[in-house]
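Residue-level listing of the chains:
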Amino acid sequence: MSEPLTTAGEGFHPHLHDHPEPERPTRPLHTRLHHIRADALDGDTAQTGGMRRFAAVSGRAVGSEKLWMGQTHVAPSTSSSDHHHGASETAIYVVSGRPEFVFLDGSGDGAEEVRLKAGPGDYIFVPPFVPHREENPDPDEEAVVVIARSTQEAIVVNLPELYALPPDHRA
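So, how was this worked out
The numbers attached to residues start from 1 for each chain and follow its sequence in the written order. A pLDDT threshold of at least 70 governs which residues receive local features in this predicted model, and a stricter bar of 80 or more applies before side-chain atom pairs are shown or counted, although totals over entire chains, interfaces and linings include all residues. The basis for the side-chain values is all heavy atoms of the structure; hydrogens and waters are excluded. Numbering of helices and strands runs from the N terminus, with a helix taken as a DSSP run of H or I at least four residues long and a strand as a DSSP run of E at least two residues long. Using a 1.4 Å probe on the protein chains alone, a residue whose accessible area is under 20% of its type maximum counts as buried, one over 50% counts as exposed, and one in between counts as partly exposed. Buried residues of nine kinds, namely Ala, Val, Leu, Ile, Met, Phe, Trp, Tyr and Cys, make up a nonpolar core once their side-chain atoms join them within 4.5 Å. Working rule for contacts: check all heavy atoms of both residues, and any pair within 4.5 Å makes them a contact.

A short note on unusual backbone geometry
Piece 1. Not every positive phi belongs to a glycine, and Ser77 is a case in point at roughly 50°.
Piece 2. Notably, Phe129 is not glycine yet its phi reads approximately 65°, a positive angle.
Piece 3. Mapped onto the elements of the fold, Phe129 is located in the loop between strand S8 (123-126) and strand S9 (133-136).
Piece 4. Judged by relative accessible area, Phe129 falls into the partly exposed class, the value being 32%.

Shown next, in the form of structure tokens:
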């Protein structure tokens, strides 16, 4: 038995025509695509010692309301300061280097340090409010990652030390 052909424009989303058209944005920044060139990243964003963040997509740069995206660079043999990103979810994609992401897991009897050793092509998810730090143990190669956050700006809360979230903590 053969399946009926899809109508042009339907593709894999035939349900799209079941809903009314969404309200169209009217603000100038929301009526066009934005191209942010690699050499135009903005270093004037929230920072943490031991690393350098560069904004690409932000509320200030492109008018985003729910997303921040940029790069972070960690020099060879360097660790960032301990920090968290408030209520923001953070997704990380490793571009180059072998960064390690360190946090304290308090879900057991005591707090245990956990190291996530990542490499190019790997992804890391950081839930809201989870204290962590990035480390680059490589003595020669800088670690570069792309970061996406669920807020329009880079929320960074620098901490004096890592601590484990209590087991009953809910974001």
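On we go.
Focus: the nonpolar core
Piece 1. Counting residues in each nonpolar core, the largest one holds 11 residues, listed as Ala55, Trp68, Ile92, Val94, Phe101, Ala118, Ile124, Val126, Val145, Ile147 and Ala154.
Piece 2. Secondary-structure elements contributing two or more residues to this core are strand S5 (90-96), S8 and strand S10 (143-149).
Piece 3. Setting aside residues up to four positions removed in sequence, Val94 forms contacts with Pro99, Phe101, Ala118, Gly119, Pro120, Gly121, Asp122, Val144 and Val145.

Section: the side chain of Thr72
Piece 1. Relative to the elements of secondary structure, Thr72 occurs in strand S2 (residues 68-74).
Piece 2. Leaving out residues up to four positions away in the same chain, Thr72 has contacts with Met51, Arg52, Arg53, Ala143, Val144, Val145 and Ile147.

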